[in-house]
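Coordinate analysis (summary)
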Amino acid sequence: MSIRPAGTMLVSLHGELAPHPWRDPLVASSDAYSLFTARASAMGWLTEAAQNATGGLWGMNDAGQDPLPESSRPARVAWFQVSLTTPVPAGRPLPVQAFLSCADDVVARIGALRLEALQVLLPVQSLEAPTDTSSQGSAVMTLLQDAGWFADGDPHLRTRVRVTLDGGQDPSIRSAAPEMLRWMRELDQDVFSCDSLTVTDDVILEPTVIDELWLGPACHRVALRGTLAEWSLDALGWLAAFLADASARHGVGTPLMFTAARSREPDSLTG
């Protein structure tokens with residue numbers, strides 16, 4: 001059995017962030033890096049930076065609030081990068097929901113966020129591709145169980161979204177797209193209703209990570225349009241993990257860039 005690499009997760013949040021008036025940005029313990037480290041440690045998600053350390057899901061790499069060039073819109077307000085410390089156990093999804101939950105808590109400490117778009121590097125290569133089509137004992141079964149968290153949500157929060165998955169120089173996401181859509185539509189879940197999954201050159205945000213973390217630069221991309229239970233980092237984390245599992249299940253074995261934004265479609269299409 002081959003050993004799967006652990007991989008890197010990176011999230012870039014775009015929109016507007018109004019700092020809390022009481023916060024002193026010059027205090028080192030309140031910067032994005034320190035806050036993320038403290039929160040991840042408190043929740044049991046952080047693997048300590050020590051030799052032979054055990055426990056946790058990831059080790060801290062870096063974080064910041066440095067903006068991108070003025071031409072990049074919507075503006076980047078914060079970013080966080082971690083390395084998975086062990087390969088994802090068989091039958092478990094990527095811990096994207098925990099990762100984005102931690103980022104959400106940190107940003108809430110810094111200010112009030114109006115999220116317009118986000119980008120997440122998904123280390124799909126860390127997942128074990130299922131050997132059959134059954135969902136029993138698989139990552140998707142875990143995700144379907146976890147989807148109960150969004151049950152009985154306010155229907156007015158349902159939001160039209162557009163999502164892209166970019167494989168960089170690896171074209172496998174494009175060949176996997178038709179079967180991914182068919183498979184997703186067979187599942188009984190109400191977190192994300194996918195209307196279409198098509199090959200596209202549509203760009204929501206240009207990838208900002210170094211090419212060494214995936215197989216960049218951007219080249220092979222598919223687009224999804226549909227309705228998400230709510231426009232939140234919680235729901236987006238679930239969706240990113242779901243699409244990572246769908247990709248691995250259909251033959252993708254390299255990192256993917258997940259990008260999401262609210263759809264510009266008319267309100268009459270909202271669910």
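Our subject is the structure that appears above.
This write-up is about the structure you can find in this document. (Residues numbered from 1 in each chain as written. Predicted model: local features only at pLDDT ≥ 70, side-chain atom pairs only at ≥ 80, totals over all residues. Heavy atoms only, no water.)

1. A short note on the environment of G64
Quick note on the threshold: By definition, any uninterrupted DSSP run of H or I lasting at least four residues is a helix, any uninterrupted run of E lasting at least two residues is a strand, and each is numbered from the N terminus. Classification of residues uses two cut-offs on accessible area relative to the type maximum, computed with a 1.4 Å probe and protein chains only: under 20% is buried, over 50% is exposed, and between them is partly exposed. Residue contacts follow a heavy-atom distance rule, with two residues in contact if any of their heavy atoms lie within 4.5 Å.
Mapped onto the elements, G64 comes out in strand 2 (residues 58-64). For G64, a relative accessible area of 10% gives the class buried. Each C-alpha atom of the pair G64 and E230 lies 26 Å from the other, and the pair is 166 residues apart in sequence. Contacts of G64, omitting those with residues within four sequence positions, involve A32, A78 and W79.

2. Focus: the sheet that holds strand 4 (residues 111-122)
Sheet strands pair via backbone hydrogen bonds, and the direction of the pair is either parallel or antiparallel. Inclusion rule: Each pair of strands is called paired provided DSSP finds at least two bridges between the two strands. Each axis is a line fitted through C-alpha atoms, and for a helix only the stretch in contact is used; angles between axes span 0 to 180 degrees, taken between their N-to-C directions.
Spatially, 8 strands are ordered 2-3-1-4-8-5-7-6 in an open sheet, and the strand pairing comes out antiparallel. Pairing within the sheet leaves two strands with one partner each, and these edge strands are strand 2 and strand 6 (192-200). When the angles between neighbouring strand axes are averaged without regard to direction, this sheet yields 20°. Pairing geometry for strand 1 (residues 8-19) and strand 4, over 10 bridges, is antiparallel. Residue L13 lies in a different strand from strand 4, and its bridge partner there is L118.

3. Brief notes about helix 5 (residues 233-249)
Our working rule: Expected span of a helix: the number of residues minus one, times 1.5 Å.
Counted at 1.5 Å a residue, the expected span for helix 5 with its 17 residues is 24 Å, and the 24 Å between its end C-alpha atoms agrees. Looking one or two places after helix 5, you find G251, whose phi comes out positive at around 100°.

4. Quick notes on the pattern of salt bridges
Under the convention used in this document: By definition, a salt bridge exists where a carboxyl oxygen of Asp or Glu is found within 4 Å of a side-chain nitrogen of Lys or Arg.
In the structure shown here, the tally under the stated rule is 12 salt bridges. The residue R114 makes a salt bridge to E116 at a minimum N-O spacing of 3.0 Å. Look at R114 and you get partly exposed, because its relative accessible area is 44%. Here E116 falls in the partly exposed class, since its relative accessible area comes to 28%. Put simply, R249 and D245 hold a salt bridge, and the shortest N to O gap is 3.7 Å. Separated by 4 residues within a single helix, R249 and D245 lie in helix 5, roughly one turn from each other.

5. With respect to unusual backbone geometry
Going from G216 to P217, the amide bond is cis rather than trans, its omega being 5°. Examined against the element boundaries, P217 turns out to sit in the loop between strand 6 and strand 7 (221-228). The residue D152 is not glycine, and still its phi comes out positive at about 60°. As for its placement among the helices and strands, D152 is situated in the loop between helix 3 (139-146) and strand 5 (159-166).

6. Quick notes on the packing of helix 3 against helix 5
Basically, it comes down to this: Small angles under 35 degrees read as roughly parallel and large ones over 145 as roughly antiparallel, with 65 to 115 read as roughly perpendicular and the rest as oblique. Less than a right angle of anticlockwise turn of the near helix away from the far helix marks a crossing as left-handed, whereas a clockwise turn marks it as right-handed. Note that Gly is not counted as nonpolar here; it falls among the polar residues with everything else outside the nonpolar set of Ala, Val, Leu, Ile, Met, Phe, Trp, Tyr, Cys and Pro and the charged set of Asp, Glu, Lys and Arg.
For the pair helix 3 and helix 5, the least separation of the axes is 10 Å and the interaxial angle reads 155°. With respect to helix 5, the axis of helix 3 lies roughly antiparallel. Considering how the two elements wind past one another, helix 3 and helix 5 form a crossing that is left-handed. Where helix 3 approaches helix 5, its residues A139, V140, L143 and D146 are matched on the opposing element by W238, A241, F242, D245 and R249. A per-class count over the contact of helix 3 with helix 5 returns 6 nonpolar, no polar and 3 charged.

7. A look at the pairing of strand 7
Of all 8 residues in strand 7, 7 are buried; the element is thus mostly enclosed. Where strand 5 and strand 7 come together, 8 bridges link them in antiparallel fashion. If you follow T159 over to strand 7, its bridge partner there is L228. In this structure, strand 6 lies alongside strand 7, joined through 8 bridges in antiparallel fashion. Opposite S193, over in strand 7, you have T227 as the bridge partner.

8. Overview of the nonpolar core
The following threshold applies: To define a nonpolar core, start from buried Ala, Val, Leu, Ile, Met, Phe, Trp, Tyr and Cys residues and group those joined through side-chain atoms within 4.5 Å.
Ranked by size, the top nonpolar core spans 76 residues in total, and within it F36, W58, F80, L118, F242 and F258 carry the most contacts. Excluding residues that lie within four positions of it along the chain, L118 makes contacts with V11, S12, L13, L100, L205, L233, L236, F258, T259 and A260. Formed by 5 residues, the second largest nonpolar core is a distinct cluster that contains L10, L121, W214 and M257.

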